[in-house]
Amino acid sequence: MTCMVIVLCFAVLVPFVVADLRIGFYNASCPRAEQIILQVVQEQFSKDSSISAALLRMHFHDCFVKGCDASILIDSTKKKPSEKSAGPNETVRGFEIIDEAKRRLEAACPSTVSCADIITVATRDSVAIAGGPNYAVPTGRRDGLVSNPNDVGLPGPSSSVSGAFQAFKDKGLTLDEMVTLLGAHTVGFAHCSFFEERLSNFQGTGAADSSMDSGLVLELKKICGTAGSDQKVFLDQNTSFVFDNEYYNQLKLKKGILQIDQELALDSTTAGLVSGFGASRIRFDKSFASAMVRMGSIEVLVGRAGEIRKNCRAFNPRKRKSSSRTHKRKTSSRTANDRKKKNPPQIDREFKNLNFVFYFSDYVESFLQFVIGSKASFVIEEEDGAGLEPAVIKAAEEVAKGASWRDLLEPGVKRALIDEGTKIFEKFTIRLLFSFVLVITVCVTRVNGLLGLA
Ligand code: HEM
């Protein structure tokens, strides 16, 4: 019996410790989150169809440096340079798209949707709008607290296949996934400075790279030779704005722009993959969707780690330690009835449904309040708000001052409780089932043993 109680306690409490990415993470806390992001992407794409390329590259550069934690979005300050100031990131663009999505999301659901998730979802949407696959992406990432230019160590455009692969392998990705992800070069530009060496005196030979089509060499020489700033050319010379598998076919025609692109078609370990993706759009789309989800999961921060930034370009200001725990009970003048009235019926319904699912409405309410309340007091003591909805933190602060939880069930708090409750329910049922199977197995084994002995 004691064992059973311990198992059940674990079943209930573990979800608060182990959090993960999941599809529809914001369903309860910010139901319109993905819609809001999609709308921003659609609007921006209609003005500039190259934003898919911008977002894809941003996502890659974010995930490969300290994981997908939006560390790439932090602006440098006079005192502290950020990842943005590192050489490989100087031409990363599209930050204003994330700013706009964040602005709208903060208006709809303050401090709820992470900048890291905005990059991920916006990238997915921009790929789909450009003609690529649409796929479900798990969310629940949190924003990082570090952005240091010295951490930026991305593979260069002149890397060999094995050199580039080492970087992908270090992030837990396969060779197949690397070739797939480089398929993102089916959209966007490259500045001449990244491939100019291939046009003349390649590797000190005094001639152009023989693996590049000679007609293309001449064309690129004309563009890159233009006096003035560093010019740009399309990475996919055929369908430059469409997200398709044409990149691979261009490589087979010796029309890869970057050396690493062309190498993929030449290296014996990757040439077959290039041919396969070039031959089948379906195969490429499928592989791309799954590789993007894998890339988007690199070293993510979840649960209570990191933070949800208010402004994607800056870390949240650190909170002061609260000394309010000793304050006497002092609720605002609003009554519980006033607050009740403010609960939209839909939230009340969801809250009731949740109770119904658990069968013991009072027990559930006080259980949630206890768990969340103890989390909240921990948060107050540790002066970090990570992992909790701001509405709950605010309410917890009131409780710390002596207010009753029951008086604080405003829509925001209820919404957060529903979210936490749903999470508990989801994980609880799985764990309960698992414990049940475990207990049955142990019982059956014991009974068998006893019968055997008899
Ligand atoms: C070995 C790996 C990679 C290398 C060496 C590499 C290198 C580069 C370079 C040098 C550029 C040109 C940037 C410029 O001139 O501003 C570029 C552009 C781009 N890269 Fe990559 N890349 C790699 C992998 C990836 C991956 C995994 C993705 C996405 C999944 C990606 C997406 C893009 C996109 C979309 C552009 C065009 C950006 C724009 O138009 O602004 N790249 N890449």
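Residues numbered from 1 in each chain as written. Predicted model: local features only at pLDDT ≥ 70, side-chain atom pairs only at ≥ 80, totals over all residues.

A short note on helix α7 (residues 175-182)
Within α7, six of the eight residues are buried, leaving the element largely enclosed by the surrounding structure. Buried within α7 we find Glu177, Met178, Val179, Thr180, Leu181 and Leu182. The inward-facing, buried residues of α7 abut α6 (161-170), α10 (259-266), α11 (271-279) and α12 (281-295). (Buried ≥ 20, exposed ≤ 12 C-beta atoms within 10 Å, placed from the backbone. Helix = DSSP H or I, 4+ residues; strand = E, 2+ residues; numbered from the N terminus. Contact = placed C-beta atoms within 7 Å.)

Topic: the nonpolar core
Formed by 70 residues in total, the largest nonpolar core has its most connected members in Ile37, Ile98, Ala101, Ile118 and Ala122. Here this core gets eight residues from one element, more than from any other, and that element is helix α3 (residues 51-63). The residues that make up this core include at least three from each of domain 1 (32-151) and domain 2 (184-282). Other than its neighbours up to four places away in sequence, Ile98 contacts Leu73, Cys115, Ile118, Ile119, Ala122 and Cys312. (Core = buried A, V, L, I, M, F, W, Y, C linked by C-beta atoms within 7 Å. Domains from an automatic or database assignment.)

Focus: helix α4 (residues 95-108)
The terminal C-alpha atoms of α4, which comprises 14 residues, lie 20 Å apart, in line with the 20 Å expected from a rise of 1.5 Å per residue. Looking at α4, one finds that the buried residues are Ile97, Ile98, Ala101, Lys102 and Leu105. In a view along the axis of α4, the buried residues occupy a sector of 130°, so they form one face of it. Residues Glu96 and Ala107 are exposed on α4 and point more than 90 degrees away from its buried face. Considering only its buried residues, α4 is in contact with α2 (33-47), α3 and α5 (115-129). (Expected span 1.5 Å × (residues − 1). Arc of directions from axis to C-beta.)

Concerning the packing of α2 against α5
Viewed as axis vectors pointing N to C, α2 and α5 meet at an angle of 50°, and their least axial separation amounts to 9 Å. One element, α2, and the other, α5, form an angle in the oblique class. The crossing of α2 and α5 is right-handed. Residue-level contacts link Glu34, Ile37, Leu38, Val41, Gln42 and Phe45 of α2 to Ile118, Val121, Ala122, Asp125, Ser126 and Ile129 of α5. (Axes fitted to C-alpha atoms, helices over the stretch in contact; angles between N-to-C directions. Parallel < 35°, antiparallel > 145°, perpendicular 65-115°, else oblique. Left-handed = near helix turned anticlockwise from the far one by under 90°.)

Side note on the UniProt feature "binding site: heme b" (unreviewed entry) in the protein chain
The residues that UniProt annotates with the feature "binding site: heme b" (unreviewed entry) are His185. Note that His185 resides in the loop between α7 and β1 (189-191). Excluding residues within four positions of it along the chain, His185 makes contact with Leu235, Asp236, Tyr247 and Asp261. (UniProt positions renumbered as here; feature names shortened; annotations may be inferred.)

Concerning the site of the ligand
Taken together, 26 residues sit near the ligand, with Ala53, Thr91, Ala184, Gly188 and His191 positioned nearest. Element by element, the count of residues in the shell around the ligand is highest for α3, at five residues. Partitioned by chemical class, the residues of the shell around the ligand number 17 nonpolar, seven polar and two charged. (Near = placed C-beta within 6 Å. Nonpolar A, V, L, I, M, F, W, Y, C, P; charged D, E, K, R; others polar.)

Digging into the UniProt feature "binding site: substrate" (unreviewed entry) in the protein chain
In the numbering used here, UniProt assigns the "binding site: substrate" (unreviewed entry) feature to Pro155. Tracing the backbone through its elements, the reader meets Pro155 in the loop between α5 and α6. Excluding residues that lie within four positions of it along the chain, Pro155 makes contacts with Gly163, Ala164 and Ala167.

Let's talk about the packing of α3 against α5
Their axes nearest at 9 Å, the elements α3 and α5 cross at an angle of 145°. Between α3 and α5 lies a crossing whose hand is left-handed. The segment α3 lies against α5, with Ile51, Ser52, Leu55, Leu56, Met58, His59 and Asp62 engaging Ile119, Thr120, Ala122, Thr123, Ser126, Val127 and Ile129. Looking at the contact of α3 with α5 residue by residue, the classes come out as eight nonpolar, five polar and one charged.

Quick look at unusual backbone geometry
One non-glycine residue, Lys254, adopts positive backbone phi at about 65°. Tracing the sequence through the fold places Lys254 in the loop between α9 (246-252) and α10. Owing to 18 C-beta atoms within 10 Å, Lys254 belongs among the partly exposed residues under this scheme. Of note in the backbone geometry, Glu299 takes a positive phi value of approximately 40° without being a glycine. Relative to the assigned elements, Glu299 resides in the loop between α12 and α13 (336-342). Using a count of 14 C-beta atoms within 10 Å as the deciding quantity, one classes Glu299 as partly exposed.

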